[in-house]
Amino acid sequence: PPAELTSSDKSSSQPTEQHKPFSMAFVSAFTPRFSADTASRAVSRPTAIPRHTVAPTRKNSTTAVNAKLSIPPANQIKEALATAAKRALAASVALSLVLHPGAPPQDFELANAFSQPNIGFRGSSNAVNKDAESLLRWGLPIKNKEIRELQSTLEGIERDMRSLKWNKVSDDVKKSQGIIRNKAAAMLKDIPAERADAATEKFTEIQAIFPDLIAAVDEKDAEQVETMKRIILNKVGDVEQMMMVGFPYEVPKEYSNLPQLKGRAVVEMTLDRPSGEPFNIDGVLYDKIDVKMVIDGYNAPVTAGNFVDLVKKGFYNNLAITRSDGFVIQSGDPDGDGPVEGYVDPATKQLRTIPLEVFALGDKEPTYGTTLEDDGRGAAQTVMPFSSYGTLAFAREEFIPDSGSSQFFFFLFEPDLTPAGRNLLDGRYCVFGYTVENAGLLKDVKVGDVITSARLVAGEENLVLPSSS
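Residues numbered from 1 in each chain as written. Predicted model: local features only at pLDDT ≥ 70, side-chain atom pairs only at ≥ 80, totals over all residues. Heavy atoms only, no water.

1. Focus on the overall build of the protein chain
- Along the protein chain, the regular secondary structure elements total ten helices and 16 strands.
- Contacts spanning at least 24 positions in sequence make up 77% of the contacts within the protein chain whose residues lie at least 6 apart.
- Approximately 19,700 Å² of the protein chain is accessible, and the part contributed by carbon and sulfur atoms is 50%. (Helix = DSSP H or I, 4+ residues; strand = E, 2+ residues; numbered from the N terminus. Contact = heavy atoms within 4.5 Å. Areas by Shrake-Rupley, 256 points an atom, 1.4 Å probe, with all protein chains shown as cover.)

Following this line, the structure appears as structure tokens:
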């Protein structure tokens, strides 16, 4: 993604003075709240994400909250997961090997990846691609083979470093340098004339980094290699974004009464704890939490537009977290235990709802109003998967696809329950963005914590409002 749509190195959430800064490593999720029965059926059906959960208060006990959500207490969960979950996961993994391979094999031909719109590599650095920025790059509907080859080669460096294959890392770096040197013209051909100079400058900046990157590889300096690789990939993402001209498809006319995001936007969100108690992230204390999210309208224009519109209206400011169970963190209920479960349009006095919107790999546009499973494509992968810690999606009624309104959730990725290529929520809920900065700080967000502010900081020009607005 372009520079303004990516995370920065500087965190806006500052730990208290008596503690050292928190290292923003990838953080594993808590144990999801699955019962033995649910775990045994995990392959065929995910736990529902109800739109209305618990009142925004700390007074509810864990048992009371779980009872309302039909989720057993923690001690029963641990016992269930010790037996049934393992069997379910084994079956899920086996199914994934048949229906959903993760990363393409080493001999995967690049041309195969771009024979249809939105087909890309799944997990260039692991069996599951957990990198939010990488997922956003692959989520761009571009067809330039050369820049995808460059991106895939660069992202493969992390996998090779993890395996201590420094000879392979060296080969990947030199291959990437060669792609820039020999195929820049092929990449520039998909750049509009008015952006050609800016794209050429990006390539020049990338080339200037390679000598230092090669030296770092020779010294086996993993930290420097990772830093420079990420800088280069961000610049590659800038060029990929420059290839986007207009919007790639028409949104169905029946949704013209809803806000739509024709591109991407950036939202920053601050969470606080009313009690004044600090957030404790592995022993490091924070007075508040700031996260940055990229909202993707290319793959979910109606869902993303709904969220960005509500952010602009200030709807989420001062709303409480109503669910936090180690599986999801949910908010957006404006009425607590009251009857209103979403955004009521002041013009119509009616609850505004949005359709379920899921973009399957290989499709030319999203599928609306039904899950991929109900559409007869339960095995299909999605362009924007639930595979990164802090994935953003809208909650809805379990059996009513078009019932989302304002309640959304952060998905806390748990690799044990989302094995390679078989994520239990993909195709059933709409992913509309990823947390690209400070996702690990979500670890200690609890029921009763408050979103003190949600701010649209980039991409407002991509928000298309209905004329009635």
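2. So, the pairing of strand 15 (residues 450–458)
- Pairing analysis gives seven bridges linking strand 2 (residues 264–272) to strand 15, with the strands arranged antiparallel. Note on strand 15: the bridge partner recorded for Val 266 is Ala 458. (Pairing = 2+ DSSP bridges.)

3. A look at helix 6 (residues 145–162)
- Between the first and last C-alpha of helix 6 there are 26 Å, a value that for 18 residues agrees with the 26 Å anticipated at 1.5 Å per step.
- Counting buried residues in helix 6 gives 13 out of 18 residues, a clear majority hidden from the surface.
- At the N-terminal end of helix 6, a side-chain oxygen is found 3.1 Å from the backbone nitrogen of Glu 146, two or three residues along, and the residue is Asn 144.
- One or two positions beyond helix 6, positive phi appears at Leu 164, with a value near 60 degrees. (Expected span 1.5 Å × (residues − 1). Buried < 20%, exposed > 50% of the residue type's maximum accessible area, 1.4 Å probe, protein only. Polar contact = N/O pair within 3.5 Å; in protein donor to acceptor, adjacent residues only side chain to side chain.)

4. Notes on the packing of helix 6 against helix 9 (residues 222–242)
- Viewed as axis vectors pointing N to C, helix 6 and helix 9 meet at an angle of 160 degrees, and their least axial separation amounts to 10 Å. Judged on the interaxial angle alone, helix 9 and helix 6 are roughly antiparallel. Crossing handedness for the pair helix 6 and helix 9: left-handed. Listed contacts from helix 9 to Ile 147, Arg 148, Leu 150, Gln 151, Leu 154, Glu 155, Ile 157, Glu 158 and Met 161 of helix 6 are Ala 222, Val 225, Glu 226, Lys 229, Ile 232, Leu 233, Val 236, Val 239 and Glu 240.
- Of the residues contributing to the contact of helix 6 with helix 9, the split by class is eleven nonpolar, one polar and six charged. (Axes fitted to C-alpha atoms, helices over the stretch in contact; angles between N-to-C directions. Parallel < 35°, antiparallel > 145°, perpendicular 65-115°, else oblique. Left-handed = near helix turned anticlockwise from the far one by under 90°. Nonpolar A, V, L, I, M, F, W, Y, C, P; charged D, E, K, R; others polar.)

5. Brief notes about the nonpolar core
- If you look at the biggest cluster of nonpolar residues, it comprises 106 residues, and the most contacted ones within it are Met 269, Ile 295, Phe 307, Tyr 316, Phe 408, Phe 409 and Phe 432.
- The element that contributes the greatest number of residues to this core is helix 8 (residues 196–218), accounting for eight residues.
- Every residue in contact with Met 269, bar those within four places of it in the chain, is listed here: Ile 289, Asp 290, Val 291, Met 293, Phe 307, Phe 408, Phe 410, Ile 451, Ser 453, Ala 454 and Arg 455. (Core = buried A, V, L, I, M, F, W, Y, C linked by side-chain atoms within 4.5 Å.)

6. Considering the packing of aromatic side chains
- Counted under the stated rule, the structure contains 17 aromatic pairs.
- Arranged with centres 5.0 Å apart and planes meeting at 35 degrees, the rings of Tyr 255 and Tyr 368 form a pair that is tilted. A residue pair is termed long-range when its members are at least 10 positions apart, and Tyr 255 in the loop between helix 9 and strand 1 (260–261) and Tyr 368 in strand 11 (residues 367–368) qualify at 113 residues.
- Here Tyr 255 falls in the buried class, since its relative accessible area comes to 13%. (Phe/Tyr/Trp six-rings, centres within 6.5 Å; stacked < 30°, edge-to-face > 60°.)

7. Observations regarding the pattern of salt bridges
- For the structure shown, the criterion picks out 30 salt bridges.
- Across the salt bridge formed by Asp 172 and Lys 168, the nearest N and O atoms sit 2.9 Å from each other. Here the residue Asp 172 and the residue Lys 168 both occupy positions in helix 7 (residues 166–188), the gap between them amounting to four residues, near one helical turn.
- When its relative accessible area of 29% is taken as the criterion, Lys 168 is described as partly exposed.
- Note that Asp 238 and Lys 202 form a salt bridge whose closest N and O atoms lie 2.9 Å from each other. (Salt bridge = Lys/Arg side-chain N within 4 Å of Asp/Glu carboxyl O.)

8. Thoughts on unusual backbone geometry
- Phi angles above zero are rare outside glycine, and Leu 164 is one such case at about 60 degrees.
- Judged by relative accessible area, Leu 164 falls into the exposed class, the value being 65%.
- Within the chain, Asn 438 stands out as a residue other than glycine whose phi angle is a positive 65 degrees.
- Mapping Asn 438 onto the fold places it in the loop between strand 14 (431–437) and strand 15.

9. A few points about the sheet that holds strand 14
- The strand order 2-5-14-12-13-7-6-15 describes a closed barrel built from eight strands, whose pairing is antiparallel. Neighbour-to-neighbour, the strand axes of this sheet turn through a mean angle of 35 degrees, independent of strand direction.
- With two bridges connecting them, strand 6 (residues 319–324) and strand 15 associate as antiparallel partners. What sits directly across from Ala 320, in strand 15, is Val 450.
- Contacting strand 2, strand 5 (289–296), strand 12 (391–394), strand 13 (408–411), strand 14 and strand 15, helix 10 (residues 301–312) crosses the sheet at an angle of about 110 degrees to strand 15.

10. Re the pairing of strand 14
- With seven of seven residues buried, strand 14 is to be regarded as a mostly interior element.
- By the bridge criterion, four bridges tie strand 5 to strand 14 in an arrangement that is antiparallel. For Ile 295, the partnering residue across the bridge sits in strand 14 and is Gly 433.
- The pairing of strand 12 with strand 14 spans three bridges and is antiparallel. Considered in strand 14, the bridge of Ala 393 is made with Val 431.

11. A word on helix 8
- With 23 residues, helix 8 ought to run about 33 Å at 1.5 Å a step, and its terminal C-alpha atoms sit 34 Å apart, in line with that.
- At Phe 210, helix 8 shows its strongest bend, of approximately 30 degrees, with the proline Pro 211 following within four residues.
- Along helix 8, the residues that are buried comprise Ala 199, Lys 202, Phe 203, Ile 206, Ile 209, Phe 210, Leu 213, Ala 216 and Val 217.
- Elements that come into contact with the buried residues of helix 8 comprise helix 7 and helix 9.
- Just downstream of helix 8 lies Lys 220, where phi reads positive at about 55 degrees. (Bend = angle between axes of the 7 residues up to and from the residue.)

12. Observations concerning the environment of Lys 349
- The topology assignment puts Lys 349 in the loop between strand 8 (344–345) and strand 9 (350–351).
- A residue is classified by how much of its surface remains accessible, and Lys 349, at 62% relative accessible area, is exposed.
- Of the polar contacts made by the side chain of Lys 349, one reaches the backbone oxygen of Pro 346; its length is 3.3 Å.

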